[in-house]
Amino acid sequence: MNFPDDDTGQVLAEMHQAGIDLSVSHEVVFFQLFEQQAQARAMADFIEETMPEVSVSLHPDETPNVWDLDCSLSMVPAYEDVVAREQQFESIAAKFDGYNDGWGIEA
């Protein structure tokens, strides 16, 4: 398989090389970071209200005074779909003074 030469393409290529079947649904997690727990909670509430297909998990980051909001959904990790979802979460996170910090597949 050929993947675009960017971060998402590299992650997908590494997953493919590791033997992960990218043609089936996986639990894909998009990571958001916030400096304030209230900001992360506000985004979590928004996701829960508007995106019922997405599960959220809010927890402290390893870095002090940083909060993680993991947004998970079942999807086939096709390049275009991952990029579109990542942009969607980045846009939402920005509204709550957070930012996207990548994505992965739950093993």
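Refer to the structure presented above.
Small disclaimer: the values here were computed from a predicted structure and weren't measured.

Draft legend 1. Region of interest: the nonpolar core. Of all hydrophobic cores here, the largest spans 23 residues; its most connected members are Phe30, Phe34, Met43, Ile47, Val54, Phe89 and Trp103. With 5 residues, the top contributor of residues to this core is helix α3 (residues 79–95). Ignoring any residue separated from it by four or fewer positions in sequence, one finds tryptophan 103 in contact with Thr8, Val11, Leu12, Met15, Val28, Val29, Phe30, Phe31, Val82 and Glu86.

Draft legend 2. Structural context of the packing of helix α1 (residues 7–17) against α3. Where α1 meets α3, the closest approach of the two axes is 10 Å, and the angle between their N-to-C directions is 130°. Judged by the angle between their axes, α1 and α3 are oblique. For the element pair α1 and α3, the recorded crossing hand is right-handed. Taking contact as the criterion, the partners of Thr8, Gly9 and Leu12 in α1 are, on α3, Tyr79, Val82, Val83 and Glu86. Looking at the contact of α1 with α3 residue by residue, the classes come out as 4 nonpolar, 2 polar and 1 charged.

Cut-offs used in this document
- Sequence order as written defines the numbering, with residues in each chain counted from 1.
- A pLDDT threshold of at least 70 governs which residues receive local features in this predicted model, and a stricter bar of 80 or more applies before side-chain atom pairs are shown or counted, although totals over entire chains, interfaces and linings include all residues.
- With hydrogens and water excluded, all non-hydrogen atoms of the structure serve as input to the side-chain values.
- Take the buried Ala, Val, Leu, Ile, Met, Phe, Trp, Tyr and Cys residues and link them wherever side-chain atoms come within 4.5 Å; each set so joined is a nonpolar core.
- Burial classes follow relative accessibility: with a 1.4 Å probe on protein chains only, a residue under 20% of its type's maximum area counts as buried, one over 50% as exposed, and anything between as partly exposed.
- Labels follow the DSSP assignment, with helices taken as runs of H or I lasting at least four residues and strands as runs of E lasting at least two, numbered in each case from the N terminus.
- The contact criterion used throughout is that any non-hydrogen atoms of two residues lie within 4.5 Å.
- Here, axes are lines fitted to C-alpha atoms. For helices the fit covers the stretch in contact, and angles between N-to-C directions go from 0 to 180 degrees.
- The cut-offs work like this: below 35 degrees is roughly parallel, past 145 is roughly antiparallel, 65 to 115 is roughly perpendicular, and the gaps in between are oblique.
- Left-handed describes a crossing whose near helix is turned anticlockwise from the far helix by less than a right angle; the clockwise case is right-handed.
- Residue polarity follows a fixed list, in which Ala, Val, Leu, Ile, Met, Phe, Trp, Tyr, Cys and Pro are nonpolar, Asp, Glu, Lys and Arg are charged, and the others, Gly among them, are polar.

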